[in-house]
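Structural description and commentary
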Amino acid sequence: MLALVGGLAVGLGWGIASEPASAFDGTTAPNTALLSPGQRPVARPPEGGDKPNSKASVLTTLEYAADQGHLEAQWKVGRMYADGDGVPQDDLRAFNYFSQIANTHPEESPGTPQARLVANAFVALGRYYLAGIPNSTIKPDAGRAREMLDYAASYFGDADAQYQLGRLYLDSTPSDPRKAARWFQLSASKGDCRAEAVLGDMLFRGQHVPRQAARGLMWLTLGRDCAAGEESWIKPLYDNAFRRASDDERAMALVYLEDWLKGRRN
């Protein structure tokens with residue numbers, strides 16, 4: 001895993017391949033502090049009271065399957081409670097379902113459909129530990145958050161976890177921008193628009209890293225082109241860089257972009 005981190009990082013071009021992106025080796029799953037059984041309701045087999053396709057019926061069926069240890073059902077119920085999708089939002093219940101997944105499937109083979117769900121559960125737990133859950137025993141704990149994200153980023157190679165870990169290293173006090181840049185590089189290499197934009201902005205401005213304006217503009221272009229509506233902050237970063245770039249930097253960015261896209265097609 002660490003060799004992969006180092007190898008992909010070479011693309012930045014400023015000698016970061018000589019050390020791993022994290023001291024965590026990605027081989028030991030962290031404990032996720034499961035809630036005790038008394039802190040969550042036990043699901044019962046679905047009965048005939050609800051309409052077959054109603055949210056209540058779906059939730060009852062999923063909760064029963066989740067209680068039997070079905071990974072996908074645990075993940076779906078966790079997401080429903082986390083997002084308030086058809087149920088009142090309940091972060092503590094969501095945390096519990098994600099914890100079940102993380103505790104029972106930490107060594108799922110990377111690259112499988114189930115592994116993506118496990119990685120997503122670790123990322124969700126990382127976010128909960130970062131912010132805490134009001135009126136619960138889950139308090140803000142940056143160290144625990146980093147453990148959860150680090151495992152998903154290192155063992156599963158999850159792009160979202162790598163981006164979130166990069167943000168954590170960038171925004172923490174004290175920060176570690178170079179380590180953040182390495183995680184952004186890994187995530188951007190997988191096509192995460194946010195990582196492409198942040199990495200591009202860092203490189204274009206030479207913020208905490210040696211300035212590579214053309215390569216930074218390339219990453220910003222990729223981030224702009226794939227950004228979704230909730231990522232409206234990306235386009236202003238691109239626009240600002242494009243205005244400030246010289247003609248030579250714009251031309252070189254286009255060369256980098258064409259090479260990158262050609263490599264992805266091949």
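Residues numbered from 1 in each chain as written. Predicted model: local features only at pLDDT ≥ 70, side-chain atom pairs only at ≥ 80, totals over all residues. Heavy atoms only, no water.

1. Structural notes on the overall build of the protein
Rule in force here: Secondary structure follows DSSP: runs of H or I at least 4 residues long count as helices, runs of E at least 2 residues long count as strands, and numbering of each begins at the N terminus. Partly exposed residues are those whose accessible area sits between 20% and 50% of the maximum for their type, while under 20% is buried and over 50% is exposed, using a 1.4 Å probe and protein chains only. Residue contacts follow a heavy-atom distance rule, with two residues in contact if any of their heavy atoms lie within 4.5 Å. Note on areas: Shrake-Rupley with a 1.4 Å probe; residue coverage comes only from the protein chains shown.
Scanning the protein from N- to C-terminus turns up 12 helices and zero strands. Beginning at the N terminus, the succession of helices and strands in the protein can be written as α-α-α-α-α-α-α-α-α-α-α-α. Relative to its 266 residues, the protein shows a buried fraction of 47%. Considering only residue pairs separated by 6 or more positions, the protein has 58% of its internal contacts joining residues 24 or more positions apart. Of the roughly 13100 Å² that the protein leaves accessible, carbon and sulfur atoms contribute 52%.

2. Description of the state of the cysteines
Any covalent bond linking the sulfur atoms of two cysteines counts as a disulfide. Put simply, the rule is: A pair of sulfur atoms, both from cysteines and within 2.5 Å, is called a disulfide here.
Evaluation of the coordinates by the stated rule reveals one disulfide. What pairs with Cys 193 in a disulfide is Cys 226, and their sulfur atoms sit 1.8 Å apart. One end of the pair, Cys 193, is in helix α9 (residues 193-205); the other, Cys 226, is in helix α10 (residues 213-226), with 33 residues separating them in the sequence. With a relative accessible area of 12%, Cys 193 lands in the buried category.

3. Remarks on the nonpolar core
Quick note on the threshold: To define a nonpolar core, start from buried Ala, Val, Leu, Ile, Met, Phe, Trp, Tyr and Cys residues and group those joined through side-chain atoms within 4.5 Å.
Counting residues in each nonpolar core, the largest one holds 59 residues, and the members touching the most others are Phe 98, Phe 122, Phe 156 and Phe 184. Looking at which element gives the most residues to this core, the answer is helix α5 (residues 113-131), with 11 residues. Beyond its immediate sequence surroundings of up to four residues, Phe 184 is in contact with Tyr 163, Gly 166, Arg 167, Leu 170, Ala 195, Val 198, Leu 199 and Met 202. Counting residues in hydrophobic clusters, the runner-up holds 11 residues, among them Phe 204, Ala 213, Ile 234 and Ala 241.

4. Quick look at the pattern of salt bridges
We apply this condition: By salt bridge we mean one thing: a side-chain nitrogen of Lys or Arg within 4 Å of a carboxyl oxygen of Asp or Glu.
Considering all chains together, one arrives at 12 salt bridges under this definition. Through salt bridges with shared partners, a single ionic network connects Arg 127, Asp 160, Asp 192 and Arg 194.

5. As for the side chain of Asp 201
Note that Asp 201 resides in helix α9. Take Asp 201: its relative accessible area is 11%, and that puts it in the buried class. Aside from chain neighbours lying at most four places away, what touches Asp 201 is Gln 207, Leu 220 and Leu 237.

6. What about helix α11 (residues 234-244)?
The criterion, for reference: Taken from the helix axis, the directions to the C-beta atoms give the arc we talk about.
Buried within α11 are the following residues: Ile 234, Tyr 238 and Ala 241. Viewed along the axis of α11, the buried residues span an arc of 70°, placing them on a single side of the element. The inward-facing, buried residues of α11 abut α9 and α10.

7. Remarks on the environment of Ala 73
Following the sequence through the fold, Ala 73 ends up in helix α3 (residues 71-83). Ala 73 sits 11 residues away from Leu 62 along the chain, and the two C-alpha atoms are 5.3 Å apart. Beyond its immediate sequence surroundings of up to four residues, Ala 73 is in contact with Leu 62, Ala 65 and Ala 66.

8. Things to note about the packing of aromatic side chains
The following threshold applies: Between 30 and 60 degrees the pair is tilted, below 30 it is stacked and above 60 it is edge-to-face, where a pair is any two Phe, Tyr or Trp rings, Trp via its six-membered ring, whose centres lie within 6.5 Å. Geometrically, a lysine NZ or arginine CZ counts as sitting over a ring once it is within 6 Å of the ring centre and also within 35 degrees of the ring normal.
Per the counting criterion, the structure on display carries 11 aromatic pairs. A centroid spacing of 6.3 Å and a plane angle of 70° characterise the contact between Phe 95 and Tyr 128, whose relative ring orientation is edge-to-face. With Phe 95 in helix α4 (residues 91-104) and Tyr 128 in helix α5, this residue pair connects regions lying 33 residues apart in the sequence. A single burial state applies to Phe 95 and to Tyr 128, both of which are buried. For the ring pair Phe 95 and Tyr 129, a centre distance of 5.6 Å and an interplane angle of 85° mean the geometry is edge-to-face. Residue Phe 95 is located in helix α4, and its partner Tyr 129 is located in helix α5; the two are separated by 34 residues in the primary sequence. The exposure class assigned to Tyr 129 is buried, which follows from its relative accessible area of 5%. Taken together through their ring pairs, the aromatic side chains of Phe 122, Tyr 151, Tyr 155 and Phe 156 make up a single cluster. In this structure, Arg 211 is placed above the aromatic ring of Phe 204, and the distance from its NZ or CZ to the ring centre is 4.9 Å. A cation over an aromatic ring shows up here: Arg 215 above the ring of Tyr 256, its NZ or CZ 4.2 Å from the ring centre.

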